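An overview of the molecular structure
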Amino acid sequence: MSDINNSNVSDDPDAVGRVKIFITVSFATVLAALGITATIFFANEEDAQRREVYSFGMLALTAVATGASAFYLLQSIRSNTRASEKGIQHTIALNKDKNKALAITNALGYIARWNSIQNMEASRIGMEVHSRVNGQSPTEQGRIIEEYIDEDPSRKTSIVYILNFLEELAVALKTSSVDDDVCKSFFRGIVTEYYKIFYVFIAKRRNEKNNDRLYQNLSELAATWKNGNGNGNGTH
């Protein structure tokens, strides 16, 4: 008889793809015994007709044993294939969990940077500009921002810092480097409002830099979150 071991499913993700087939040598033993018996029998048997009968029986037994061995071999291969598929699914699930945890950690890192002391001055200027231009027409917003920057040219650096930060966040979302839900829950209002109040400033910067795609990822993200469609990865 044959012995098939189906307990080769490993929790070790590295074990995926290792096919182990366990078939004992019982069939070989049986065939060897039958061969020895037949040899002894033929050595002492003079009846040619009986020899033919026994020869046919031996061939039949050999065919049955070979077929049974092939059957159990196929069963073992199928069993190991299922085990490999299970191991692959387990590995995929682990990787998804790890990627999700990493994306959440990265999203919290962006929130911490936004709330950091280093960002406080830029945030203060952003809020001050917002209070001055809120409710004004785009043309009037542009004029107010220009006057605000003329009062203190260093303010322009802070505004550019804010826009660069939000552009970086938009790229991280598009590449799934940060968690969509976490970022959207914190940054949605910031992204949509800051893009609106600095739209004229962005248009002017594009002209100055001769680059129509300047802050393009931020533009796409603001449109997506404003419409409430999709996640932060830029899909509409």
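Described below are features of the structure shown in this document.

What about the overall build of the chain?
When its secondary structure is counted, the chain shows 8 helices and 0 strands. Secondary structure elements in the chain, listed N-terminal to C-terminal, are α-α-α-α-α-α-α-α. By residue count, 31% of the 236 residues in the chain fall in the buried class. Taking the contacts inside the chain whose residues are at least 6 apart along the sequence as the reference set, 73% of them involve residues at least 24 apart. Accessible area for the chain stands at about 14,600 Å²; split by element, carbon and sulfur atoms hold 56% of it.

Some words on the packing of helix α3 (residues 117–133) against helix α6 (residues 180–197)
One can describe the packing of α3 onto α6 by two numbers: an axis separation of 10 Å at closest approach and a directional angle of 60°. Between α3 and α6 lies a crossing of left-handed hand. Residues Ser-123, Gly-126, Met-127, Val-129, His-130 and Val-133 of α3 form the contact with α6, whose own contacting residues are Glu-193, Tyr-194 and Ile-197. Considered class by class, the residues forming the contact of α3 with α6 number 5 nonpolar, 3 polar and 1 charged.

Observations concerning the nonpolar core
Membership of the largest hydrophobic core comes to 40 residues, with the highest contact counts inside it found for Val-129, Ile-159, Leu-166, Phe-187 and Phe-198. Breaking this core down by element, the ones donating at least two residues are α2 (48–114), α3, α4 (138–151), α5 (154–174), α6, α7 (199–209) and α8 (216–227). Setting aside residues no more than four positions away along its own chain, Phe-198 makes contact with Gly-126, Val-129, Ile-145, Ile-159 and Leu-163.

The rules we used
Residues numbered from 1 in each chain as written. Predicted model: local features only at pLDDT ≥ 70, side-chain atom pairs only at ≥ 80, totals over all residues. Heavy atoms only, no water. Helix = DSSP H or I, 4+ residues; strand = E, 2+ residues; numbered from the N terminus. Buried < 20%, exposed > 50% of the residue type's maximum accessible area, 1.4 Å probe, protein only. Contact = heavy atoms within 4.5 Å. Areas by Shrake-Rupley, 256 points an atom, 1.4 Å probe, with all protein chains shown as cover. Axes fitted to C-alpha atoms, helices over the stretch in contact; angles between N-to-C directions. Left-handed = near helix turned anticlockwise from the far one by under 90°. Nonpolar A, V, L, I, M, F, W, Y, C, P; charged D, E, K, R; others polar. Core = buried A, V, L, I, M, F, W, Y, C linked by side-chain atoms within 4.5 Å.

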